[in-house]
Amino acid sequence: MRRPYGPACAPLRLDGIRFRVRTGVPWRDVPGEYGLWNRLYDLFRRWQRNGTWQRILTQLQPLADAKGAITGVLSVDSTVCRAHQHVAGARKQGDLQKEPPGGIFTEPHDRGLGRSRGGFSTKLHLAVEQGQKPMSIVATAGQRGDSPQFEPVLEKIRVPRIGPGRPRVRPDRVRADKAYASRENRAYLRRRGIRCTIPDKADPARNRRKLGS
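Residues numbered from 1 in each chain as written. Predicted model: local features only at pLDDT ≥ 70, side-chain atom pairs only at ≥ 80, totals over all residues. Heavy atoms only, no water.

Q: What am I meant to see in the pairing of strand E4 (residues 134-141) here?
A: Along any regular strand the residues' side chains alternate between the sheet's two faces. Relative to E4, strand E3 (residues 119-129) runs antiparallel, the two sharing seven bridges. Opposite Thr122, over in E4, you have Ala141 as the bridge partner. Where E3 hands over to E4, the hairpin turn is made up of four residues, of which Gln132 adopts a positive phi near 70°. (Pairing = 2+ DSSP bridges. Helix = DSSP H or I, 4+ residues; strand = E, 2+ residues; numbered from the N terminus.)

This is how it looks when you write it as structure tokens:
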């Protein structure tokens, strides 16, 4: 099958990038109908470094918010991503790499990599609305705890508006599991007037019952 080539195949390249992001396959395994895999990666990486993907998200969010597609109830949680085996042999100084890290965001000093029970990994902390749209994300090393990242994740929420007015930065309610049930997190939510659904851990609840009313 002849591979598409030239400016006319730009929509196919975007479809190829969407296929790869949705399925998680290696770049080399993207079907040939979308074009050469290295062309897809070059476009993806170039837009990542110059902030095109972030600008697209910033322009789409107010449209979705105006249609009511973004709910005011958020869920906060984390997931661990195992790092590729070649990461262990990467340069310690990122500026000396063949392709230095770049983009519109500042990369963590530890590159978001650390040793956890699962090995060399990165932990992604996300806030997602009930329509399964990510609203903010914070990357840390794999061994970092969930609770300390609760406030940074919520502070990064920013939904612009189509017309004049401040961006929406405060959800109506936040849902999370027991890992986020700390006094600091609850005090932070009270200060901002955000309701929450966070179950208590067993030990603190048992101790309160022992103290009585």
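Q: Help me understand the nonpolar core, please; the structure alone is not making it clear to me.
A: Judged by nonpolar contacts, the single largest core of 20 residues is most densely connected at Val76, Phe150, Leu154, Val174 and Leu189. Going through the elements one at a time, strand E1 (73-82), E4, helix H4 (150-155) and helix H5 (183-192) are the ones with two or more residues in this core. Ranked by the residues each element gives to this core, the list is headed by H4, at three residues. In this structure, Phe150 is in contact with Val76, Val174, Ala176, Tyr180, Asn185, Tyr188, Leu189 and Ile198, ignoring residues within four places of it in sequence. Core analysis: the second largest hydrophobic core is formed by eight residues, Ile17, Val30, Tyr34 and Leu40 among them. (Core = buried A, V, L, I, M, F, W, Y, C linked by side-chain atoms within 4.5 Å. Buried < 20%, exposed > 50% of the residue type's maximum accessible area, 1.4 Å probe, protein only. Contact = heavy atoms within 4.5 Å.)

Q: Would you explain the pattern of salt bridges in this entry?
A: Should the charged atoms of two oppositely charged side chains come close, the side chains can pair. A complete count under the given rule lists five salt bridges for this structure. A salt bridge links Asp65 to Arg168; its shortest N-O distance comes to 3.1 Å. Within this pair, whereas Asp65 is found in helix H3 (residues 52-66), its partner Arg168 is found in the loop between H4 and strand E5 (173-175), the two being separated by 103 residues in sequence. Overall, the relative accessible area of 23% leaves Arg168 in the partly exposed class. (Salt bridge = Lys/Arg side-chain N within 4 Å of Asp/Glu carboxyl O.)

Q: I would appreciate a short explanation of unusual backbone geometry in the present structure.
A: Among all residues save glycine, negative phi is the norm, and among peptide bonds the norm is trans. The phi torsion at Gln132 lies on the positive side, around 70°, for a residue other than glycine. Position of Gln132 relative to the elements: it lies in the loop between E3 and E4.

Q: Help me understand the side chain of Ser136 in this model?
A: Looking at where Ser136 falls in the secondary structure, it is placed in strand E4. A polar atom in the side chain of Ser136 sits 2.7 Å from the backbone oxygen of Val153. Apart from the residues lying within four places of it in its own chain, the contact partners of Ser136 are His125, Leu126, Ala127, Val153, Lys156 and Ile157. (Polar contact = N/O pair within 3.5 Å; in protein donor to acceptor, adjacent residues only side chain to side chain.)

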